[in-house]
Each structure stands twice: as C-alpha cells, then as structure tokens.
Amino acid sequence: MPHIGLCALIVRDYDDAIAFYTDKVGFDLIEDTDMGDGKRWVIVAPKAATETRILLARASGADQENAIGNQTGGRVGFFLNTDDFARDHARMTRAGVRFLEAPRHEPYGTVAVFEDLYGNKWDLLELALQ
C-alpha cells in the first residue's frame, strides 16, 4: 500500500536544523550521510514514527533560498500530532520553541501554531477522540 515516506523541508544549514528538530521539537535524527560536495542526506522524525519522516534539504540556488521559511506561502503546512498536548507543548516551550498563539480547543482537537527556526508554521495537534 502506498504511503508518504519523506517530505522535504528546505533549510539554510543542516546542523542548525538538526539541532532545532532534535533538541527543541524532540525528533530523532534517523540518518545523516555525507553525499559529497557539501550535500548531506539528513532525515529526522518524531519519536516512534514508523513511516513519515522529514528530509532536511539544504537550499541550492536562489529559488530554494527564497523558499526557506515560506514553503507553504505563510499557511500552516506541517502538522505534528501528539497523544498528550499539554506534555509536549510544555516541553517544547521550555526548549525554546516559539508558539504564535495560546493553545486553543477546536471541534477537531487541541491545537497551537508554532514556528520552526526559519519561520515555517506548524500545528501541534492533539486530535479529539473520534
């Protein structure tokens, strides 16, 4: 059955992006392979994620540089689901993640928007029981 294995996220610097996603968001570094000529194959994923992972891709060229931090035109483009919103929101806040709003309760669950180190918007989301 098909599934999304990787989503690419354009970054300015591999090491800064790895530090943000592992130290602040709490992801695991899955792979960091030197590809030569300054390129690396860097994959991060939420702890216990078994399928969907993020490829941290360093920008190459002006068009990609211009997309850093605005890959989705200013909209929330990434959704980090959690089974314990309060726990993860508190941990991420202590780690220095910048939330753009206070947590709010919606019909679909508890959510708050945060920014990554480049300004891409993410939802931290605990879905309501269905």
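Keep in mind that what you see is a predicted model, and the values were worked out from it rather than measured.

Rules behind the numbers
- Residues numbered from 1 in each chain as written.
- Predicted model: local features only at pLDDT ≥ 70, side-chain atom pairs only at ≥ 80, totals over all residues.
- Heavy atoms only, no water.
- 1 Å grid on protein atoms, 1.4 Å probe; cavity = no way out; pocket = protein on both sides within 12 Å on 5 of 7 lines; lining within 4 Å.
- Points joined across faces, edges and corners; volume = space filled by probe spheres on them.
- Helix = DSSP H or I, 4+ residues; strand = E, 2+ residues; numbered from the N terminus.
- Nonpolar A, V, L, I, M, F, W, Y, C, P; charged D, E, K, R; others polar.
- Pairing = 2+ DSSP bridges.
- Axes fitted to C-alpha atoms, helices over the stretch in contact; angles between N-to-C directions.
- Core = buried A, V, L, I, M, F, W, Y, C linked by side-chain atoms within 4.5 Å.
- Buried < 20%, exposed > 50% of the residue type's maximum accessible area, 1.4 Å probe, protein only.
- UniProt positions renumbered as here; feature names shortened; annotations may be inferred.
- Contact = heavy atoms within 4.5 Å.

Asks: Explain the layout of surface pockets here, please?
Replies: If a probe as big as a water molecule is rolled over the atoms, it shows which places are left empty. In this structure, the largest pocket encloses a volume near 510 Å³. Around the largest pocket, the lining comprises 23 residues; the ones closest to its centre are F27, P46, F79, L80 and N81. Considering every element that reaches the lining of the largest pocket, the biggest residue donor is strand β5 (residues 76-81), with 5 residues. Tallied by class, the residues present in the lining of the largest pocket amount to 14 nonpolar, 5 polar and 4 charged.

Asks: How do you make sense of the sheet that holds strand β3 (residues 39-45) when you look at a structure like this?
Replies: Hydrogen bonds between backbone groups are what pair the strands of a sheet, and the pairing can be parallel or antiparallel. With respect to topology, 4 strands assemble into an open sheet ordered β1-β4-β3-β2, the strand pairing being mixed. The open sheet has two edge strands, β1 (6-11) and β2 (28-36), and neither has a second partner. Put simply, the sheet's adjacent strands are angled 25° from each other on average, direction ignored. Pairing between β3 and strand β4 (residues 53-58): 3 bridges, direction antiparallel. Bridge assignment links V44 to a residue of β4, and that residue is I54.

Asks: So what exactly am I meant to see when it comes to the nonpolar core here?
Replies: As a rule of thumb, soluble globular proteins bury nonpolar side chains together. Membership of the largest hydrophobic core comes to 28 residues, with the highest contact counts inside it found for Y21, V25, F27, L56, F114 and W122. Here the element with the most residues in this core is helix α1 (residues 14-24); it accounts for 5 residues.

Asks: I keep staring at the UniProt feature "domain: VOC" (unreviewed entry) in the chain and nothing clicks. Help me out?
Replies: Those places that UniProt annotates as "domain: VOC" (unreviewed entry) correspond, in this numbering, to residues 3-127. Annotated as residues 3-127, this span is 22% helix and 42% strand, and its ends, taken at the C-alpha atoms, are 21 Å apart.

Asks: It is not clear to me how the environment of V76 should be interpreted in this structure. Could you clarify?
Replies: Within the secondary structure, V76 is located in strand β5. Taking relative accessible area as the criterion, V76 reaches 25% and is therefore assigned partly exposed. Along the sequence, V76 and K121 sit 45 residues apart, while their C-alpha atoms lie 4.6 Å from each other. If near-sequence neighbours (up to four positions away) are discounted, V76 is found in contact with V113, K121, W122 and D123.

Asks: Before we go on, may I ask you to explain the pairing of β2 in this structure?
Replies: Successive residues of a regular strand alternate their side chains across the two faces of the sheet. Direction of pairing for β2 relative to β3: antiparallel, over a ladder of 7 bridges. What sits directly across from E31, in β3, is I43.

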